[in-house]
Structure formats: C-alpha cells, structure tokens
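# Inside the fold
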Amino acid sequence: MKKMTSRMKNWIAHHMQLPADVLMDLPRITMIGQLHIYIENHQGVLRFSSQELRLLLKQGQLLIKGDGFVLKTILPEELLLEGRIDEVLFIDDKKNR
C-alpha cells in the first residue's frame, strides 16, 4: 500500500507540476556556500554540537558535519545553521531495518 501511495504522489507531483518536497514530505535544503544551510520539513533535532547536526527526517536522517556550528533559527519544522559545513549526508532508514 505504501508503494502505491508513493507512486501516486510521484505521478501527481509530476503531472500537476507540484513541488515534490511539499507533496511527499521531503526535506528542502538550501545551502549558501559552506557558511549557511537552511533546512525545511525536518522531524526534529537528534544531536547538536559545534561540529555535528543530526536531524530526523520522514525517511531517515540528515547528518551535517563541520565546525563552529551555531543554530541561528530553530522552529518546529525548519532551522538555519551557520558555521563551516564540510559534509551533508543522508542516512537511509531502510538500511537500519
């Protein structure tokens, strides 16, 4: 049933020219150089330090590594991180099952 729902959402997004991130609960990530990263549609902060940010996503996690991290803005589904960003990794939830 999940596969059919996912396929239907993909089809609707493609044919009606709707943004996939809104329709499919995908994160929207906007990065400005290595200095700022703005993330929308996350499910919460799992870990934060000056070198690492780990976010829960609808499907998996997002890991950001770097140095001098400061959370400039944090809201229920969006945040703005500043610092030197070295890595942005998606961790697939399916690998843990």
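One structure accompanies this document, and this report is about it. Quick caveat, the model's predicted, so the values are computed rather than measured.

### Comments concerning the nonpolar core
Membership of the largest hydrophobic core is limited to eleven residues, which are I37, I39, L53, L55, L57, L62, I64, F69, L79, L81 and I85. Among the elements of the structure, β2 (36-40), β4 (52-57), β5 (60-75) and β6 (78-91) are those that each provide at least two residues to this core.

### Some details on a nonpolar patch on the surface
A surface patch of nonpolar side chains, amounting to about 340 Å² of accessible area, comprises I29, M31, V88 and F90. Breaking the nonpolar patch down by element, the ones donating at least two residues are β1 (28-32) and β6. For F90, the position within the fold is in strand β6. Among the residues examined, F90 registers a relative accessible area of 56% and is labelled exposed.

### Focus: the pattern of salt bridges
Summed over the entire model, instances satisfying the criterion amount to three salt bridges. For E82, the salt bridge identified is with K72, shortest N-O distance 3.9 Å. Of this pair, E82 sits in strand β6 while K72 sits in strand β5, and the two are ten residues apart along the sequence. E82 gets classed as partly exposed once you look at its relative accessible area, which sits at 22%. Notably, a salt bridge pairs R84 with D86, separated by 2.8 Å at the nearest N-O pair. Owing to a relative accessible area of 42%, D86 belongs among the partly exposed residues under this scheme.

### Focus: the pairing of strand β3 (residues 44-48)
Bridge analysis of β3 against β4 gives four bridges, and the strand direction is antiparallel. Looking at the pairing, V45 lines up with L55 of β4. Hairpin connection from β3 to β4: three residues lie between these consecutive antiparallel strands.

### Description of the sheet that holds β1
Strands sit in the order β1-β2-β6-β5-β4-β3 across an open sheet of six strands; the sheet is antiparallel. Both outer strands of the open sheet, β1 and β3, are each paired with one neighbouring strand and no more. On average, each strand axis in the sheet is inclined to that of its neighbour by 40°, with strand direction left out of account. Note: β5 against β6, twelve bridges, orientation antiparallel.

### Things to note about the side chain of R54
One can find R54 in strand β4. E52 provides the closest opposite charge to the buried, salt-bridge-free R54, at an N-O distance of 4.2 Å. Only 2.8 Å separates the side chain of R54 from the side chain of Q61, close enough to count as a polar contact. Excluding its chain neighbours within four sequence positions, the residues that come into contact with R54 are G44, V45, L46, R47, Q61, L62, L63 and I91.

Cut-off values and rules
Residues numbered from 1 in each chain as written. Predicted model: local features only at pLDDT ≥ 70, side-chain atom pairs only at ≥ 80, totals over all residues. Heavy atoms only, no water. Core = buried A, V, L, I, M, F, W, Y, C linked by side-chain atoms within 4.5 Å. Buried < 20%, exposed > 50% of the residue type's maximum accessible area, 1.4 Å probe, protein only. Helix = DSSP H or I, 4+ residues; strand = E, 2+ residues; numbered from the N terminus. Patch = residues over 30% accessible without salt bridge, like charges linked within 9 Å, V, L, I, M, F, W, Y side chains within 5 Å. Areas by Shrake-Rupley, 256 points an atom, 1.4 Å probe, with all protein chains shown as cover. Salt bridge = Lys/Arg side-chain N within 4 Å of Asp/Glu carboxyl O. Pairing = 2+ DSSP bridges. Axes fitted to C-alpha atoms, helices over the stretch in contact; angles between N-to-C directions. Lys, Arg positive; Asp, Glu negative; His and termini not counted. Polar contact = N/O pair within 3.5 Å; in protein donor to acceptor, adjacent residues only side chain to side chain. Contact = heavy atoms within 4.5 Å.

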